[in-house]
Amino acid sequence: MPNGETGAALESFAAEVGSDGPVAVVGGRTHWEVGGPCPDDTRLVRAPSGVRSFDPADMTIRVGAGTLVEELDAVLAEAGQRANLPIVPEATVGGVLVVGRDDVHALGRGRLRDVLLEAVYVAEDGRLVKVGGPTVKNVSGFDLCRLLVGSLGTLGLVGEVILRTWPRPAVQQWLSGPCDPAVLRRELYWPSSILWDGQTSWVHLEGHESDVESEAELARSLGCNPTDGPPSLPAHRVPTAALEAGRLFDSYLVQFGTGSAYVHEPFPLPEPDPAVVALHRRLKAEFDPRGRLNPGRDPLAAL
């Protein structure tokens, strides 16, 4: 367990969480409604913030879960690196991890769960628990800390994390046009994002200048031209299966290759597989038998 100033901050956080009564961590409230509201009598606490340690050569960074994502990104940018977290204004590192929503670049940069290497969280009985490890290849099989990603804080209240970092690309470019997104994905080597609204595709390229230039030339030959950026994402995320099933939406935006799409109107989630529900309930009973951590929230009700 971390010691010194870092350990003191975590011990203080654990003491504030305590061992009794409903409690939830509050961050920037950018996705506060996801998964359902907490009851009015829920105590709200804040996780420690600030960068604890960062050695660019290790390509990992230790931060308090209450650190703003924008603050983290600024620190990493000075070293020419990034953490591949969604850059949501006012959002905290812990918040985006426990909400678990991949950003628009998941196709090329990978899933959000791949960013988290180690976490220190407060368990339902008030104990500090460390899961994962500070190196990229620290386990074989499923890493326990990845359970926290997308859990909405219902398994443990995250206080500190170690994140994997990547080099920041030298060049980035968006292109768009009336091109087939399936063709773009097949022909381009490694696009970081492909979006499609049924008529127009947007593709994001990043990497070394010569590579991006070559890929951009290929994208132009397929009907795409440089543009300032992607369109704004509609407010509601749905599985692409909803579109494939013939559900009618006034407009939509498919995040190609990730299984996600975005629509402007609310959409009822499909019933989860009973086996998934049973596993979810078993995990909740094991990690939080009294149901005191982020009560009222249900990861199965979030998308």
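Structural data are supplied above this passage.
Residues numbered from 1 in each chain as written. Predicted model: local features only at pLDDT ≥ 70, side-chain atom pairs only at ≥ 80, totals over all residues. Heavy atoms only, no water.

Caption draft 1: Quick look at helix α6 (residues 209-221). Here α6 contains 13 residues, and its C-alpha end-to-end distance of 18 Å stays within 8% of the 18 Å for a straight helix at 1.5 Å per residue. In the core, the buried residues of α6 are packed alongside β10 (171-177) and β12 (201-207). Just downstream of α6 lies G223, where phi reads positive at about 110°. (Helix = DSSP H or I, 4+ residues; strand = E, 2+ residues; numbered from the N terminus. Expected span 1.5 Å × (residues − 1). Contact = heavy atoms within 4.5 Å.)

Caption draft 2: Just the environment of L269, in detail. Relative to the assigned elements, L269 resides in the loop between β16 (260-263) and α8 (274-287). Taking the relative accessible area as the measure of exposure, L269 reaches 31% and is therefore partly exposed. Taking the C-alpha atoms as reference, L269 lies 33 Å from K130; in sequence the two are 139 residues apart. (Buried < 20%, exposed > 50% of the residue type's maximum accessible area, 1.4 Å probe, protein only.)

Caption draft 3: A look at the state of the cysteines. Throughout the structure, instances matching the rule amount to one disulfide. A disulfide bridge connects C179 with C224, and the sulfur atoms are separated by 2.3 Å. Linking C179 and C224, the disulfide has an S-S dihedral of approximately 80° and is accordingly described as right-handed. Of the two residues, C179 sits in the loop between β10 and α5 (181-187) while C224 sits in the loop between α6 and β13 (225-227), which places them 45 residues apart along the sequence. Accessibility assignment for this pair places C179 and C224 in one class, buried. (Disulfide = S-S within 2.5 Å.)

Caption draft 4: How the structure looks around the sheet that holds β10. Read from one edge to the other, the open sheet built from seven strands follows the order β13-β10-β12-β11-β15-β16-β14, with strand pairing classed as antiparallel. In the strand order of this sheet, the two ends are held by β13 and β14 (236-239), each with one partner. Neighbour to neighbour, the strand axes of the sheet diverge by 30° on average, direction disregarded. In this sheet, β16 lies alongside strand β15 (residues 252-255) in antiparallel orientation, the contact comprising four bridges. Of the residues in β16, the one forming a bridge with L253 is Y262. Helix-sheet contacts for α6 involve β10, β12 and β13, and the interaxial angle to β10 is about 5°. (Pairing = 2+ DSSP bridges. Axes fitted to C-alpha atoms, helices over the stretch in contact; angles between N-to-C directions.)

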